[in-house]
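So you can see what is in the structure, the chains are spelled out below.
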Amino acid sequence: YTMSKRYTQPLNLERARGILVTPQEKELYESLSAYIIRNLAQEDKMTILVYMPQFCFLVGRKNIFENDEYIFSNLLSLSKAQNKTQKLDSLVSLFADRVVSRMKTEKPKIFLLVNDNKTPDFQSLDSRIADYAQKNYYLDKVFGPANIFEFGGKLWWVKVYKYKD
């Protein structure tokens, strides 16, 4: 009940149907949505790392990874644990290779990176993904901060990278 008091602003996006969010979330979602709709045609491809399916739904655009990035982000966080295993490292490596391969094939025009703005942009990603993204994308715009995830109480930024044509 106490957490629900912070959701006071209706989200003015067609697909949101007035869902209530925090003022920070409203600003982030509405401004980022306007940017995506202006810069990305319906048929154009995009990707988001970390898991953020609510945004793809709100803008009516498809993430090239759908649910794969969720699995990958969880594996990546597990791989940084102290008691990691060689099998887990191998699995993370396979997923990282798959992400890079799909990005090379699909060439999403926009790549959204969600982070806490304390971690350098690509440090939270596997080095193969970071290398590919840094070589092929440039930072175009930053949106945030907002507490877009319920856990942790952190503020998050969404950084928009565009594909270098």
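The following refers to the structure shown. (Residues numbered from 1 in each chain as written. Predicted model: local features only at pLDDT ≥ 70, side-chain atom pairs only at ≥ 80, totals over all residues. Heavy atoms only, no water.)

## Some points on the overall build of the chain
Note the following rule: Runs of H or I in DSSP of at least four residues are treated as helices and runs of E of at least two as strands, each being numbered from the N terminus. For this analysis, residues touch if any pair of their heavy atoms sits within 4.5 Å. Exposure was quantified through the Shrake-Rupley algorithm and a 1.4 Å probe, taking into account, for residues, occlusion by the shown protein chains and nothing else.
Of the regular secondary structure elements, the chain holds five helices and six strands. Walking the chain from its N terminus toward its C terminus, one meets helices and strands in the order β-β-α-β-α-α-α-β-α-β-β. Restricting the contact set of the chain to residue pairs at least 6 apart, pairs at least 24 apart contribute 57%. With an accessible surface of roughly 9400 Å², the chain has 53% of that area assigned to carbon and sulfur atoms.

## Some words on helix α5 (residues 127-136)
Heads up, the rule is: Under the scheme applied here, a residue whose accessible area is under 20% of the maximum for its type counts as buried, over 50% as exposed, and between as partly exposed, the area being computed with a 1.4 Å probe on protein chains only. Working note: the arc is built from the helix axis to C-beta atom directions.
Among the residues making up α5, those that are buried are I129, A130, Y132, A133 and N136. All buried residues of α5 lie within an arc of 165° about the axis, which places them on one face of the element.

## What about the sheet that holds strand β5 (residues 137-146)?
Note the following rule: Pairing between two strands is assigned when DSSP locates at least 2 bridges connecting them. Lines fitted to the C-alpha atoms define the axes, with helices restricted to the stretch that makes contact. Angles between their N-to-C directions range from 0 to 180 degrees.
With mixed pairing, the four strands of this open sheet are ordered in space as β3-β4-β6-β5. Whereas interior strands pair on both sides, the edge strands pair on one side only; in this sheet they are β3 (46-49) and β5. Averaged over all pairs of adjacent strands, the angle between their axes in this sheet comes to 20°, without regard to strand direction. Two strands pair when backbone bridges link them, and strand β4 (residues 110-115) and strand β6 (residues 156-163) are joined in this way by six bridges, in the antiparallel orientation.

## Some words on the environment of V21
By secondary structure assignment, the location of V21 is in strand β2 (residues 20-21). Linking V21 and Y7, residues 14 residues apart in sequence, is a C-alpha distance of 4.4 Å. Leave out the neighbours within four places in its chain, and V21 touches R6, Y7, T8, Q9, L11 and K26.

## Examining the packing of aromatic side chains
Rule in force here: Within 6.5 Å between ring centres, the rings of Phe, Tyr and Trp (the latter by its six-membered ring) count as paired, and their orientation is classed by plane angle as stacked under 30 degrees, edge-to-face over 60, tilted in between. Geometrically, a lysine NZ or arginine CZ counts as sitting over a ring once it is within 6 Å of the ring centre and also within 35 degrees of the ring normal.
Within the structure shown, the criterion is met by five aromatic pairs. Considering the side-chain rings of F111 and Y161, the 6.0 Å spacing of their centres and the 50° angle between planes classify their relative orientation as tilted. Pair noted here: F111 is in strand β4 and Y161 is in strand β6, with a separation of 50 residues, a long-range link. By the burial criterion, F111 is buried, and Y161 matches it. For the pair Y132 and Y137, a centre-to-centre distance of 6.4 Å together with 65° between the ring planes defines the contact as edge-to-face. Relative accessible area serves as the criterion here: at 8%, Y132 is assigned to the buried category. Taking relative accessible area as the criterion, Y137 reaches 3% and is therefore assigned buried. The side chain of R15 reaches across the aromatic face of F57, ending 4.3 Å from its centre.

## What to know about the environment of P53
Structurally, P53 can be placed in helix α2 (residues 53-59). By relative accessible area, which is 34% here, P53 ends up partly exposed. Considering only alpha carbons, one finds P53 and E66, 13 residues apart in sequence, at a separation of 7.8 Å.

## A look at the pairing of β3
Of the two faces of β3, the one carrying M46 and I48 and the one carrying T47 and L49 are both buried. In this structure, β3 lies alongside β4, joined through four bridges in parallel fashion. Across the sheet, the residue bridging to M46 is I110, located in β4.

## A word on the pattern of salt bridges
Any two side chains of opposite charge can pair if their charged atoms end up close together. The cut-off we apply is this: Here, a salt bridge means any Lys or Arg side-chain nitrogen found within 4 Å of an Asp or Glu carboxyl oxygen.
Scanning the model with the defined rule gives five salt bridges in all. One salt bridge connects K45 with E106, and the closest N-O pair in it is separated by 2.9 Å. Separated by 61 residues along the polypeptide, K45 in the loop between α1 (23-39) and β3 and E106 in helix α4 (residues 86-106) bring together distant segments of the chain. D140 is the salt-bridge partner of K162, the closest N and O atoms lying 3.9 Å from each other. Taken together, the positions of K162 in strand β6 and D140 in strand β5 put the pair 22 residues apart, joining distant regions of the chain. In this structure K162 comes out as buried when scored by relative accessible area, which is 19%. Of the residues examined, D140 reaches a relative accessible area of 35% and is grouped as partly exposed.

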